[in-house]
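Read off the chains here:
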Amino acid sequence: MSPTHTYVLYRVGMIEWMQHTVPLKDFMIDAMTETEVDTNRDPNKSAAGKHTKWIATYLPRGGDTVKQYKEMYKKANRTETVKALKDKHAAVPWDILRRAYLEMSASPESFLLLREHFARTLGSVNICQYILGIGDRHLSNFMIDSQTGGVIGIDFGHAFGSATQFLPLPELMPFRLTQQFCNLLLPLKEVGQLRSTMVCCLRALRRNPSLLLSTMDVFIKEPSLDWKIFARRQAKDQGLDSDSLDATWFPLQKIRQARRKLNGVNPAYITRDDLKLGHAKSPEYKCLEAIVMGDNRHNARARIGEHCHTVEEQIDCLMDQAMDPNILGRTYGGWEPWV
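Summarised in this report is the structure supplied together with it. Since the model is a prediction, treat every value here as computed from it, not as a measurement.

Remarks on the packing of helix H3 (residues 47-56) against helix H5 (residues 78-90)
Where H3 meets H5, the closest approach of the two axes is 9 Å, and the angle between their N-to-C directions is 155°. Taken together, the axes of H3 and H5 are roughly antiparallel relative to one another. Helix-helix and strand crossings are classified by hand; for H3 and H5 the assignment is right-handed. Taken together, the residues of H5 that come into contact with H3 (itself represented by Ala47, Lys50, His51 and Trp54) are Glu80, Thr81, Ala84, Asp87 and Lys88. When grouped by side-chain class, the residues that make up the contact of H3 with H5 number 3 nonpolar, 2 polar and 4 charged.

A closer look at the side chain of Thr197
Relative to the elements of secondary structure, Thr197 occurs in helix H10 (residues 193-207). With relative accessibility at 9%, the residue Thr197 sits in the buried group. With sequence-adjacent residues up to four places away left out, Thr197 is seen in contact with Ala119, Arg120, Gly123 and Ser124.

Some details on the packing of aromatic side chains
Counted according to the given criterion, the structure contains 6 aromatic pairs. Taking the centre distance of 5.6 Å and the plane angle of 70° together, the rings of Tyr101 and Phe118 count as edge-to-face. Here Tyr101, found in helix H6 (residues 96-104), pairs with Phe118, found in helix H7 (residues 108-131); they are 17 residues apart in sequence, far enough to count as distant. Given the relative accessible area of 0%, Tyr101 is considered buried. According to the relative accessible area criterion, Phe118 is buried, its value standing at 1%. For the pair Phe142 and Phe181, a centre-to-centre distance of 6.1 Å together with 90° between the ring planes defines the contact as edge-to-face. You can see Phe142 sitting in strand E4 (residues 142-145) and its partner Phe181 sitting in helix H9 (residues 179-184), a full 39 residues away along the chain. Each member of the pair, Phe142 as well as Phe181, carries the same accessibility label: buried. Taken together, the aromatic side chains of Phe27, Tyr101, Phe118, Phe142 and Phe181 make up a single cluster linked through ring pairs. The ring of Phe142 has Arg137 lying over it, and the distance from NZ or CZ to the ring centre is 6.0 Å.

Digging into the sheet that holds strand E5 (residues 151-153)
Strand order in the open sheet formed by 3 strands is E3-E4-E5, and the pairing between neighbours is antiparallel. With one partner strand each, in any of the chains shown, strand E3 (21-23) and E5 form the two edges of the open sheet. Put simply, the sheet's adjacent strands are angled 35° from each other on average, direction ignored. Alignment of E4 against E5, held across 3 bridges, turns out to be antiparallel. Paired with Ile144 across the bridge in E5 is Val151. Contacts from H7 reach E4 and E5, with the element oriented near 20° to E5.

A closer look at the pattern of salt bridges
Tallied over the entire structure, the rule returns 18 salt bridges. A salt bridge links Glu312 to Arg203; its shortest N-O distance comes to 2.5 Å. Of the two residues, Glu312 sits in helix H17 (residues 311-323) while Arg203 sits in helix H10, which places them 109 residues apart along the sequence. One continuous salt-bridge network, built from bridges that share partners, spans Arg78, Arg301, Asp320 and Asp324.

Criteria and cut-off values
Residues numbered from 1 in each chain as written. Predicted model: local features only at pLDDT ≥ 70, side-chain atom pairs only at ≥ 80, totals over all residues. Heavy atoms only, no water. Axes fitted to C-alpha atoms, helices over the stretch in contact; angles between N-to-C directions. Helix = DSSP H or I, 4+ residues; strand = E, 2+ residues; numbered from the N terminus. Parallel < 35°, antiparallel > 145°, perpendicular 65-115°, else oblique. Left-handed = near helix turned anticlockwise from the far one by under 90°. Contact = heavy atoms within 4.5 Å. Nonpolar A, V, L, I, M, F, W, Y, C, P; charged D, E, K, R; others polar. Buried < 20%, exposed > 50% of the residue type's maximum accessible area, 1.4 Å probe, protein only. Phe/Tyr/Trp six-rings, centres within 6.5 Å; stacked < 30°, edge-to-face > 60°. Lys NZ or Arg CZ within 6 Å of the ring centre and 35° of its normal. Pairing = 2+ DSSP bridges. Salt bridge = Lys/Arg side-chain N within 4 Å of Asp/Glu carboxyl O.

By themselves these figures say nothing about function.
Here it is, written out as structure tokens:
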């Protein structure tokens, strides 16, 4: 089945087929050489294989994958995690996505235009998906428009922070901003067109938050089945009787989080609060909380309080958290944080 755009109107939803698009993962694989593809599949040489072996060292007696990650959260320090991520970066050619865009370009000028459209659309997608708490941003959940170079997000199964709150291996980053994205945007990388687009997009959303928040009323009036299931899970975790609670409590809680984002709350505090709702009783929670909040010596978000004073400051915190190697290095392997 072809990928689609989904538009939500006042009364109905509309679906439009997306022409000339390809999943980001396939788009990048097509730009790799045969040797690179073979290396990527080799568990002894690939970044994925290195990641699996590194995680396993923290539970050497065996155990399932989730237990291995949880032990790693508790035992691996920042230095070990950053070093392991650099090793995985070294196993992946630095310019795969850049090559893919060059192959799509008819001239140097067209490359610059395609790349600019990539930066603008990625910036907009990242900010909008952050406000809505969209998670699970692995490589197959982005589509590339083969005519414009634009980025399109798909599959919003994890929304409003559910990937942080409910996944057994919680996501700790606000959106995807990894090495291949930044290397496509050389020499300025993330601080050029991408950052300016994110600033403009977030400023526009913060200037008129009532428009976006009012559209979320549909989740209060008609909560989806997923939301009802999540509400029961959270109530159970907190020792509450979900049957005795007002049916709107869970969607109201999630919309309050969106409002906090639009009010300029430091994203680390948002992630921490989502994490606490789902993992506060787990033995590794305090370690995860420390990872999310960051380190004053390394992270801009840790040097700023709960409230960001400007849109630019909020964007800097978002980018700092999204690119933090102490977070990416601990991320579930299927997300491929080294790409």
